[in-house]
Amino acid sequence: MSDISSAEIEGGEEQPKSAPADRATEGPLDEAEANPVRPYVDLGGVKILPREGLQLRLEVEEGSQRVVAVGLDFAGSTLQVQPFAAPRTTGLWHEIREQITEQIAKQGGKTTLTVGPFGPELLAEIPAATAGQPNSTRLARFIGVDGPRWFLRGVIAGEGAVDAEAAAKIEELFRSVVVVRGKTPMPPRDLIPLHMPKSAATAEDHQASTL
């Protein structure tokens, strides 16, 4: 996954921000709202709070070698997060949900609009053909939160997409993410730059580190 293209919201009306009412205190947090003394792992556009059993992966675009997403494996679930620049007063999530729905439909899958702890979300059934199971599908939850000048997209798979207890654990992890928008001017919908942790000795150590 890469930058959200302008075509995804082209022609749409301006939408209000979509976020939990307690986002500013319970997360996902803006850098200005986070506790500065907590031992976050700095990945550029996001900071992740270490916890026992959490594994961190960076997803790298093959051609450019640009980091395009952060993958988190925790408690039987996976969570992919991507931070994007956003307008100061309007939200992106309503329009982007429509684009995700169209993309999955083109793949032969289907989506259901539901309401979760972060507001509207999509439960997707995505074709995942494997040997001996040509018609199998995998479930994923697409969640999104509009913050101040940023939008954070999450994709939950594994137990967190089907089990309520597992979902609560991975949702709390998403809540703990801190978004670092920075002061550099950026067009709305551009991916906020991500990078390897500055403390990582090598790319290999970083790619599959247990936090």
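Residues numbered from 1 in each chain as written. Predicted model: local features only at pLDDT ≥ 70, side-chain atom pairs only at ≥ 80, totals over all residues. Heavy atoms only, no water.

### Here we look at the layout of surface pockets
Taken as a whole, the second largest pocket spans an internal volume of roughly 150 Å³. Around the second largest pocket, the lining residues are Asp30, Glu31, Ala32, Arg88, Pro148, Arg149, Val179, Val180, Arg181, Gly182 and Lys183. Of the residues assigned to the lining of the second largest pocket, the class counts are four nonpolar, one polar and six charged. (1 Å grid on protein atoms, 1.4 Å probe; cavity = no way out; pocket = protein on both sides within 12 Å on 5 of 7 lines; lining within 4 Å. Points joined across faces, edges and corners; volume = space filled by probe spheres on them. Nonpolar A, V, L, I, M, F, W, Y, C, P; charged D, E, K, R; others polar.)

### A word on the nonpolar core
Leu43, Val46, Val70, Leu72, Leu79, Leu152 and Phe174 are the most contacted members of the largest nonpolar core, which totals 26 residues. Looking at this core, the elements that each hand over two or more residues are β3 (46-48), β4 (55-60), β5 (67-74), β6 (77-85), β9 (137-147), β10 (150-158) and α3 (164-175). For Leu152, the contacting residues outside a window of four places in its chain are Pro28, Val46, Val81, Gln82, Pro83, Ile143, Gly144, Val145, Phe174, Val177 and Val179. Counting 16 residues, the second largest nonpolar core, distinct from the first, contains Val68, Ala86, Trp93 and Val155. (Core = buried A, V, L, I, M, F, W, Y, C linked by side-chain atoms within 4.5 Å. Buried < 20%, exposed > 50% of the residue type's maximum accessible area, 1.4 Å probe, protein only. Helix = DSSP H or I, 4+ residues; strand = E, 2+ residues; numbered from the N terminus. Contact = heavy atoms within 4.5 Å.)

### Here's the deal with helix α2 (residues 93-106)
The end-to-end C-alpha distance of α2, which contains 14 residues, comes to 20 Å, matching closely the 20 Å that a straight helix rising 1.5 Å per residue would cover. The complete set of buried residues in α2 reads Trp93, His94, Glu95, Ile96, Arg97, Gln99, Ile100 and Ile104. Gly108 sits one or two residues past α2 and shows a positive phi near 90°. (Expected span 1.5 Å × (residues − 1).)

### Description of the sheet that holds strand β1 (residues 29-30)
Strands belonging to one sheet form pairs held by backbone hydrogen bonds; the direction of such a pair is parallel or antiparallel. Pairing is mixed across the open sheet formed by four strands, whose spatial order is β1-β11-β3-β2. Two strands close off the open sheet at either side, each with one partner strand: β1 and β2 (41-42). Judged from the two bridges that link them, β1 and strand β11 (residues 178-179) form a sheet pairing that is parallel. Paired with Leu29 across the two strands is Val178, which belongs to β11. (Pairing = 2+ DSSP bridges.)

### Notes on the pairing of strand β8 (residues 119-127)
The pairing of strand β7 (residues 110-116) with β8 spans seven bridges and is classified as antiparallel. What sits directly across from Lys110, in β8, is Glu125. Between the end of β7 and the start of β8, which pair antiparallel, lie two residues. With six bridges connecting them, β8 and β9 associate as antiparallel partners.

### Looking at the pattern of salt bridges
Going through the model one piece at a time under the given rule, you end up with 10 salt bridges. Here Asp22 and Arg175 are joined by a salt bridge, their closest N and O atoms 2.9 Å apart. Highlighted residues: Asp22 in the segment before α1 (23-26) and Arg175 in helix α3, separated in sequence by 153 residues. The class for Asp22 is partly exposed, based on a relative accessible area of 32%. By relative accessible area, which is 17% here, Arg175 ends up buried. A salt bridge links Arg57 to Asp73; its shortest N-O distance comes to 3.0 Å. Of this pair, Arg57 sits in strand β4 while Asp73 sits in strand β5; the two residues are 16 residues apart in sequence, bridging distant segments of the chain. Residue classification places Arg57 among the partly exposed residues on the basis of a relative accessible area of 29%. Members of the salt-bridge network, linked through shared partners, are Arg57, Glu59 and Asp73. (Salt bridge = Lys/Arg side-chain N within 4 Å of Asp/Glu carboxyl O.)

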